[in-house]
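The chain contents come next:
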Amino acid sequence: MATVTSTNCSVCESQYIVKTAVKWCFKCDEAFCPDCLKYHSNVKLTKGHAVIDVSNLKELPEFVLKINQHCEDHGALFQNYCLSHERPCCRKCINLTHKNCVDMPPLDDVIKDARKSTAVEDIQERLQNLKECYKGLLHDGKIYCTNIGCPSVQCYNGDRTLVWDFKDQALIGRRGIAVDKSGIVYVGNQGGGNVIIASPDGSKYKAIKINSIPSQGYATSIKEGLVCIYVVMTDQPFSLLQDMADATSTNCTVCEAQSDIKAAVKWCSECEETFCFDCLKYHSNAKSTKGHAVIDVSDQKELPDFVLKIKQHCGEHGALFQNYCLSHARPCCRKCINSTHKNCIDMPPLDEVIKYVSKSAAVEDIQKRLRNLKEYYERLC
């Protein structure tokens, strides 16, 4: 439930630091300062969350602010919607109150369907047309834009007087525009994986072919001097430099998503990401991740290969595993619940299953044997 009595960053407040919040996330039920917002926007678990300005939050009607994103009985985030009871449910409700319910689609799918009304679609279409017709960028007192009506890039002064107008057929199908600190203009091209690079005065240009970029269409952006290409279909970054983000990297994956390189100190198996000291502070204090267990990066590298290959996300839907189907003996995400496991009954939360397994007699026996081996080895040494 959104509370607007304070405009301070809730993540910083949990560390006894006072910073002014600029954005609010309904899913996380938290306010973020600019620094914490960078983390929230780049970590895998929350980068897809929509946020709004804190000032806009205060103007929302009271009934909207009272909408709760978390289950009052279990404190977990709502993830599915029960069509039989007409109410949202969390991963624990699924195995209790809604154990015998069949139609339980993911909550985000239900919301998407609600948004597909004629009125909403009409508004979205008009906004999209406006966005496509005039893409602009303000840089160093000048406005750089592309016009969908012709293959060109224009540069205007702040008073809207035209500085230069660059036209070329290579700009047909452009998707996005960016300008670096030197005033060099980069224009993404929808077809063929090209980036058009124009000089600051618009008099010269060249096209760069990037084979690793899909041709569905993309937009450009500048991050700390590094040109990045974003694929519209997936919103995943493709860097002009070699992408170094992977599970075995010793760099902070959250910083790398912002084209910054910092040494990682901890690894979280639930997030499947590595964290530097700064990002670890956010991870340890944000509501969505503060309960996650982390280990040293050095220890992560020593884990067996089969452990590192264990996935926390569903390969079919990309969502986080949250429940465990006892009938099929496999984990499932919020979307699996309404598809492959639609008629399954026993589906306890995955974290509870793991706790139960860790306390089983077999695991205790293995742990006891390992302790005995360790003691025997120490005596030999």
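Below is a summary of the structure that appears in this document. Numbering of residues starts from 1 in every chain and runs along the sequence as written. Local features in this predicted model are restricted to residues of pLDDT 70 or higher, and side-chain atom pairs are both shown and tallied only at a pLDDT of 80 or more, whereas totals for entire chains, interfaces and linings draw on every residue. As a rule here, side-chain values come from all non-hydrogen atoms in the structure, and water together with hydrogens is ignored.

**Some words on the pattern of salt bridges**
Salt bridge, as used here: a side-chain nitrogen of Lys or Arg that lies within 4 Å of a carboxyl oxygen of Asp or Glu. Applying the stated criterion to the full structure yields eight salt bridges. A salt bridge links Asp103 to Lys342, with the shortest nitrogen-to-oxygen separation between them at 3.0 Å. Linking Asp103 in the loop between strand 5 (87-89) and helix 5 (107-114) with Lys342 in the loop between strand 21 (330-332) and helix 11 (350-358), this pair joins segments that are 239 residues apart in sequence. In this structure, Lys262 and Asp278 form a salt bridge, with 3.1 Å as the shortest nitrogen-oxygen distance. Of this pair, Lys262 sits in the loop between helix 7 (253-256) and strand 17 (266-268) while Asp278 sits in helix 8 (residues 277-285), and the two are 16 residues apart along the sequence. Helix and strand definitions here come from DSSP, where helices need a minimum of 4 consecutive H or I residues and strands a minimum of 2 consecutive E residues; each element is numbered from the N-terminal end.

**Brief notes about the sheet that holds strand 3 (residues 51-53)**
When DSSP finds two or more bridges between two strands, those strands count as paired. If you walk across this open sheet you meet the three strands as 2-1-3, and the pairing is antiparallel. For this open sheet the edge positions go to strand 2 (30-32) and strand 3, each flanked by a neighbour on one side alone. With direction set aside, neighbouring strand axes in the sheet form an average angle of 30°. Two strands pair when backbone bridges link them, and strand 1 (residues 23-25) and strand 2 are joined in this way by three bridges, in the antiparallel orientation. Within strand 2, the residue paired with Trp24 across the bridge is Ala31. The strands touched by helix 2 (residues 34-42) within the sheet are strand 1, strand 2 and strand 3, with strand 2 carrying the most contacts at an inclination of about 115°. Inter-axis angles, ranging from 0 to 180 degrees, are taken between N-to-C directions of lines fitted to C-alpha atoms, where helices are fitted over the stretch in contact. Contacts were defined at the residue level, with two residues in contact if any of their heavy atoms lie within 4.5 Å.

**Description of a nonpolar patch on the surface**
What goes into a patch is any residue over 30% in relative accessible area without a salt bridge, connected to like charges within 9 Å or, for nonpolar side chains (Val, Leu, Ile, Met, Phe, Trp, Tyr), within 5 Å. Accessible areas in this description were obtained via Shrake-Rupley with a 1.4 Å probe; residue shielding takes into account the shown protein chains only. On the surface, Ile366, Leu370 and Leu373 cluster together to form a nonpolar patch covering roughly 320 Å² of accessible area. Looking at the element boundaries, Leu370 is found in helix 12 (residues 361-380). Categorising residues by exposure relies on relative accessible area from a 1.4 Å probe, with only protein chains included: less than 20% of the type maximum marks a residue as buried, more than 50% marks it as exposed, and the intermediate range marks it as partly exposed. Look at Leu370 and you get exposed, because its relative accessible area is 53%.

**Digging into the sheet that holds strand 19 (residues 294-296)**
The strand order across the open sheet built from three strands is 18-17-19, with neighbouring strands paired in antiparallel fashion. The open sheet has two edge strands with one neighbour each: strand 18 (273-275) and strand 19. The mean inter-strand angle of the sheet, taken between neighbouring strand axes irrespective of direction, is 35°. Seen against the sheet, helix 8 touches strand 17, strand 18 and strand 19 and runs at an angle of roughly 115° to strand 18.

**Overview of the environment of Val254**
Mapped onto the elements of the fold, Val254 is located in helix 7. The class of Val254 is buried, set by a relative accessible area of 0%. With 212 residues separating them along the chain, Val254 and Asn42 place their C-alpha atoms 5.7 Å apart. Residues contacting Val254, with those up to four places away along its chain left out, are Tyr39, Asn42, Val43, Glu273, Thr274, Phe275 and Cys279.

**Regarding the pairing of strand 8 (residues 152-157)**
Note that strand 8 and strand 9 (residues 162-167) share five bridges and pair antiparallel. Considered in strand 9, the bridge of Tyr156 is made with Leu162. Once strand 8 ends, the chain turns through four residues before running back antiparallel as strand 9, passing Arg160 with a positive phi of about 75°.

**Some points on the side chain of Asn80**
Note that Asn80 resides in strand 4 (residues 80-82). Residue classification places Asn80 among the buried residues on the basis of a relative accessible area of 0%. Apart from the residues lying within four places of it in its own chain, the contact partners of Asn80 are Pro88, Cys89, Ile94, Met104, Pro105, Pro106, Leu107, Arg334 and Ile337.

Purely geometric numbers; function is a separate question.
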